[in-house]
Structure formats: structure tokens, C-alpha cells
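# Coordinate inspection notes
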Amino acid sequence: MLPWEKTEADDTMPDRPRGRQTTTTHARRLLARVFLGLLEDNETQDILTRPKSRRARILTRRYLALEWTDETPKDVLQDAWERFEADCSDALSKQADCDPVERICDEIASALGMKPLEASLLSLAAHTHRNQDLATALDLVGECEDHEAASLFAPMLAMDWCDVLTVLHTPSPFRALGIQDVMARRHTPTRFLAFPEQVARVIQRHSATTGEVLACFFRPSPEPRLTMSDFASAGQDVEFLQRYLRLATAQERKGVNILLHGKPGTGKTELARALARDLGLVLQEVPSVDDDKDPLPPFRRLSAYCAAQDIMAPRPGTALLFDEVEDVFPWAQGEDLFPMRRRGGGSGGDRNKGWLTSILESNARPAIWVCNVIHQMDPAYLRRFDMVIELKGPDRDTRERLVGSLFEGIAVGSERLVHLANERGFAVGHLERMANVLRVMAPIDEQEGNRMLGTLVQQVQGALGLPADKPRPDLPLPYRADCVNTDCDLAEVAAALTASPSARLCLYGPPGTGKTQWARELAERLSRPLLVRRASDLLDKYVGGTEARIRAAFEQAQAEDAILLIDEADSFLQARDGARAHWETSMVNEMLTAMEAFDGIFVASTNLQDRLDAASARRFDFKVKFSPLDAAQARQLFGDLLDLLGLSNEGSQPSMAFDALAGATPGDFANVARQVRLAPSKRNPHSLFQLLRKELEFRQEPRDGGRRIGFV
């Protein structure tokens, strides 16, 4: 129901105007023409017998100061309204200032390239929306069909009724403003001139502008922060997209639709904006919220898209961006997201499907549709997109450059920023927010900035459910390749991987023997990032979630050209013959499949190699066994430990039986180095030696020894 409409039961009308705007001279002249048309086609008694006849009496008294009774002659009323109309026309010819309604209508008509008849209908619709008395007079006719409404509007505009009827039903700039094509049943005349709610709210304002009206359907897209070179990691997909849009735009092709999808923060919207700038296109965006920042429902957004396409049709060199379109497309299962469009019999979903497919085939200007997921979309929609491109986010170099730009001038350590750039779970918006917060807090030095940034990172990771992958602390002891015991030459393996960086390695052995650290050293030697994933990072509480995280880890490593290290790999490669649930088997299957398809360097480390599935053995190119230290290696690391603590090792080592430390690991020495920081009294060679023996004895104790507790 429009604001000025009343129910049949409410047939009262105040003597004073209640319109939202003062009645202008244009509106008064239109009002006079409505009454002249009524009196020409009807007898006065016929008008007074209608349900809303009291309103006709009130309007006559209000504007003519004439009482309309049953005895008032028709020619008296006609003469009075004719004089009133002539006075209005004479006043308009002498007016120096422009009517605000006419001003905004002229600007809109000029911007949309309307024909004179369309501009006249726009003016009538705008005055009707702004003036309650004019709307009341029009609806005195009662419900009518489209040709009857056209016959009513035609003399008011000095036009032929056939031309008016054509404008009401033919796609045109007038209809592009959202005027509905109401031809299915009888309506009151004002229904044929009804703007969408968002347009009506703008036009009713005295200071309305053309830009505000057009913003109901599209808004200028902001300038991109990235360039096309930042999307080079997307490969041929973006290259072909760029070439296709350039040629399609030059050829003025219709029905050009591109679908970009991918996880939030992968740069889909930025790609659309950068692409438009690169091609010299004026990019407009379909709004997702109204002027009050309330979300627009799917049907309203799609209607705005259709109107935007109609408005932009005569404007070459333009394109449209439709973001967050998940809610626009009905689910493939048949859920109807547009119940308001159901008319008549049949399925609302089927009707909307035909409407959507028609929209995808008839758009005049290229459209880029953006969403995060597409699994809910019916294949009938997907096949109507010229290209369906999945974006997996900017590569590592681009993210580092972006982070460097956002945090420029902020006291934060460079290593901390590099680590932040490697956190692919953060969208660009998250990075911007962090940078803005730090600019306000203004850390005094890098130490404080690192602490502040670390807190912000942990907050976002917790909110997004991301693993807290903190920067690796400095090692207590320097890495020594000659103190790593393996059953093959690691230097030879590293050299082979330098020449051919594609392999699957299984590193197994007791804890602390240097498996993870060697993977880090390998990444540094090959100048590649190391992507570390532990069991806590990959295991998910939902069925299928673990498999999705495993697949995502391999895809991320492939996209970043990184070495993928999965620690505690036995959690994902357990023997399937001992599985107790279906998800345990599917998890192993996913891991094996991903390993086989991965074209990069994959490293799996485990302490429990005897639990691995038999099928995993043939999928590893190298199976490297890491063993504990021998006595000579233990002596070397003991010397490094003394140097680290600033202790002299002269005369201390010969008296020690390092054979007793055979079987220790580099991890044991690292643990002792950390223990001494908390126990300064142990900072002497003899105490260090005893601490190492204690570490070794603890690890060698039987895990099932000792007295049992509880019922046996």
C-alpha cells in the first residue's frame, strides 16, 4: 500500500492538506486536468455515487472554494476547473524559479536519455508521489485496466493514449526506474505510476539529486588498491578473462557474464575493479544496503541490477559489478528465495528460474558476479556464465607488498610483517583494520608494535577459527648438519631437490632427532616458504572437515610454491585396516590422493612410522630414518651448549664419559639449554651433563612400567 492510500472503510479526508510536500503549481494544474477528464467522461451524479465521492467534494472546496452538491450543474464545475487550470498555466509561464519536482525530473530524464513522453510520465509520477491531493484525485477513477489508465493520463500530458500505453509496457528508461509493468489485473491509476520504495523515498525529498536517484540501482565502484600484475599468480584464468572482456566490450556483445568465486579475502572484488580500470571501463556496483544501511532483500537487489542494466544500456564503456550474489540465486534443491514474485499457479521457484536465466542472457553491458561459494547454484545458471573463475588469493609476494604498504611508517618489525603476510586466512580488510588500529595506538618502538600486532593477530585468528601459527622463536642451539644421523645423505637429497623441486619425503624417527628442523633448513636452502601444518591445524570436528582442510593445505602450498610440512603425519596416514569409523578411512584416502596429485615438495614427519598405512609407503619417494646421536656427536653438541652459555669447556670434557650420552638427541640439548635459563645454579659443565643424562633416562623409561592405579 502506498503512503497516501486508505482502506475502503476509511473514507475520511482532512480539510487541510496532509501531503508531504506543498502543492506546487504544476501539481495544481495536473489536479485540474484530472477533474476535467472526470467531468468530461461522467455525469456529476455518477461521480458523487462512487465510494470515495466525499474526497471529490473536499478537493473542489479546497481548490475552487466551491461547494459541490447534488444540484451543482456540470458546466459550472467544468468552467471553474478550466479557469483554475488556465490560472495555473499562466502562473507557470511567468515563474522565474524552477519547480524542484520538475528540476529533478528534467535532470533524470536528461541523464537517462528519455524521450519527451517518457519525461512527461516521469513528471506525473513524481508529482503524484509528492502530492497526496493529486494521488487522491487520480484514484477517484477507481480500479481500471492499463488502457483506461493510459486514457486518463493522455489528456493530462497532451499525448495520445496509445503512446502512453506503449511507454507503460515497453522496456525504456522510464521503466528502468523500477516502474512496474502492471498488466495482469485491474489497479488504481496511481499503481501504474508507482516507484520502488527506495526511489520514492529519494524523490520525495526537496533537495533530491539525480545521483541519489541512480544510487538506488548502482553506485560508482571505488578505485582498486591492487593492479592486474598483483593477480599474476592466478595464471591463464585472469589472462584469458582480460582478453575476453576487452574484445567483448569492443564488439558491444550482449549477455557477457563473468562469475568470480572463492573464499573471503581472496581478492575477487579487487580483481573486478582492477580489471575495469585496466580496460578503461566505468565500473558501477549494485548496492547491497539501502540509505539506512539496512540489507536489501535478494529480489530488490536483482531488480536493482535489472534497472541498472537498462539505464546503462545506451552508455558504452560501462560494466556492472554484482557482489555477494549467494542470496540472489535460489538453491539447487528448490528453495524459493523470491516468494513475493509468486503470481498465479505453479511453482514460484520455476518462475524465478526462467526470470534469472533471461537476465543472464539479455544484459546489455558486461556484468561481473562475485560470490564466496557456488555449490548452491543450479547448473542451469552456471552454464550461462561465459567464465567461472575461482580465485585463491594473492601470492606471497603480493601479500608482502600489500602488508608493507599498509603498515608503512608504523613501528613493527619486518620479520613480524613477513609472518603476517604469510597468514593467508586474513582478508585484506583484516590487514587494513590492524594497520588502522596500530596507527591510532602509535607504538613507540618495534618491540611494543610487535606485541600490539601479535595481540590483534591472535584476536582475529580466534574469531576466524584459524590455527595460531606464531613466529618461530630463535633456536637455543645452532643447527649442525653433522649432528643429524640419517640413513641417507641429506646433502645429496637437498641437491637433488634443488635441481628437481618435486618430491614426497617421509622423515621418521624418535622425537627431537631433527626432522622438523631439517625441513626448515631445506626450505631456506631452496629459498622457498615453508608451510607447516600440525594435527591440531587439520583435524576438524565435523564430518568431511578434516578432508577439506587437508585439501586446502596442499592447494595453498601449490599456490605459494611452498614446501608443505605435515607434522605428526601418522594422525592422517594410520593403517586403514584398523579404522573404527568411516571418516578415519576417508581421511587417509584424502591424504593419499592429495599426496599423489601434489606437484611440489611434501614432507611428512612422524615418530610412529609403524602405524602408517601400507599404501603410503609407495607414495613416498624418500623414506629417511633419523636416529639419535652417537658419543662423538654428543661431545660436539655439548661444546656448543657450553659456548652458548658462556662457559669454558677447557678441562671439563675429557673427564666426562660421553658414551653415557649416546642415544641422546639434539632436542635433549635444546631442552637443557632452556632449563638452565630457569635454574642459574645449574650453569656449570657437571650439572649440564647430569641434566642431559636425566633427559635421556626419562625418554628411555618404559612407558608401561611402574605400579598400575585403579582396577586391574
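To be clear, the structure that these remarks concern was listed above.
Before going into details, it helps to say that this report is about the structure given with it. Everything numeric here is computed off the predicted structure, so don't read it as measured data. (Residues numbered from 1 in each chain as written. Predicted model: local features only at pLDDT ≥ 70, side-chain atom pairs only at ≥ 80, totals over all residues. Heavy atoms only, no water.)

A word on the environment of alanine 519. You can see alanine 519 is positioned in helix α23 (residues 515-526). Considered as a pair, alanine 519 and leucine 505 are 14 residues apart in the sequence and their alpha carbons are 9.9 Å apart. (Helix = DSSP H or I, 4+ residues; strand = E, 2+ residues; numbered from the N terminus.)

Interaxial distance between helix α18 (residues 396-406) and helix α20 (residues 428-441) falls to 10 Å at its minimum, and their mutual angle equals 25 degrees. Here α18 lies roughly parallel to α20, going by the angle between them. Between α18 and α20 the crossing geometry is right-handed. Together, Arg399, Leu402, Val403, Ser405 and Leu406 of α18 and Val428, Leu431, Glu432, Ala435 and Arg439 of α20 make up the contact between the two elements. Residue composition of the contact of α18 with α20, grouped by class: six nonpolar, one polar and three charged. (Axes fitted to C-alpha atoms, helices over the stretch in contact; angles between N-to-C directions. Parallel < 35°, antiparallel > 145°, perpendicular 65-115°, else oblique. Left-handed = near helix turned anticlockwise from the far one by under 90°. Contact = heavy atoms within 4.5 Å. Nonpolar A, V, L, I, M, F, W, Y, C, P; charged D, E, K, R; others polar.)

Right, let's talk about the pattern of salt bridges for a bit. All told, the structure shown has 22 salt bridges when counted by the stated rule. In this structure, the salt-bridge partner of arginine 225 is glutamate 270, at a minimum N-O distance of 3.7 Å. With arginine 225 in the loop between β1 (219-220) and α13 (236-250) and glutamate 270 in helix α14 (residues 268-279), this pair connects stretches of sequence that are 45 residues apart. Among the residues examined, arginine 225 registers a relative accessible area of 43% and is labelled partly exposed. Aspartate 540 is paired through a salt bridge with arginine 549; the nearest N and O atoms lie 3.1 Å apart. Through salt bridges with shared partners, a single network forms among Arg225, Glu270, Arg273, Glu285 and Glu432. (Salt bridge = Lys/Arg side-chain N within 4 Å of Asp/Glu carboxyl O. Buried < 20%, exposed > 50% of the residue type's maximum accessible area, 1.4 Å probe, protein only.)

Relative orientation of the contacting elements helix α28 (residues 631-645) and helix α30 (residues 685-700) amounts to 130 degrees, with a least axis distance of 11 Å. By the angle class used here, α28 and α30 are oblique. The handedness of the crossing between α28 and α30 is right-handed. Listed contacts from α30 to Phe638, Leu641, Leu642 and Leu645 of α28 are Pro685, Leu688, Phe689 and Leu692. When the residues that make up the contact of α28 with α30 are grouped by side-chain class, the tally is eight nonpolar, no polar and no charged.

With that settled, consider the packing of aromatic side chains. Taken as a whole and judged by the stated rule, the model has 16 aromatic pairs. Ring geometry for phenylalanine 638 versus phenylalanine 658: centroids 5.5 Å apart, planes at 70 degrees, classification edge-to-face. With phenylalanine 638 in helix α28 and phenylalanine 658 in the loop between α28 and α29 (666-678), this residue pair connects regions lying 20 residues apart in the sequence. Each member of the pair, phenylalanine 638 as well as phenylalanine 658, carries the same accessibility label: buried. Taken together, the ring pairs connect Tyr305, Phe322, Phe329, Trp369, Tyr381 and Phe385 into an aromatic cluster. (Phe/Tyr/Trp six-rings, centres within 6.5 Å; stacked < 30°, edge-to-face > 60°.)

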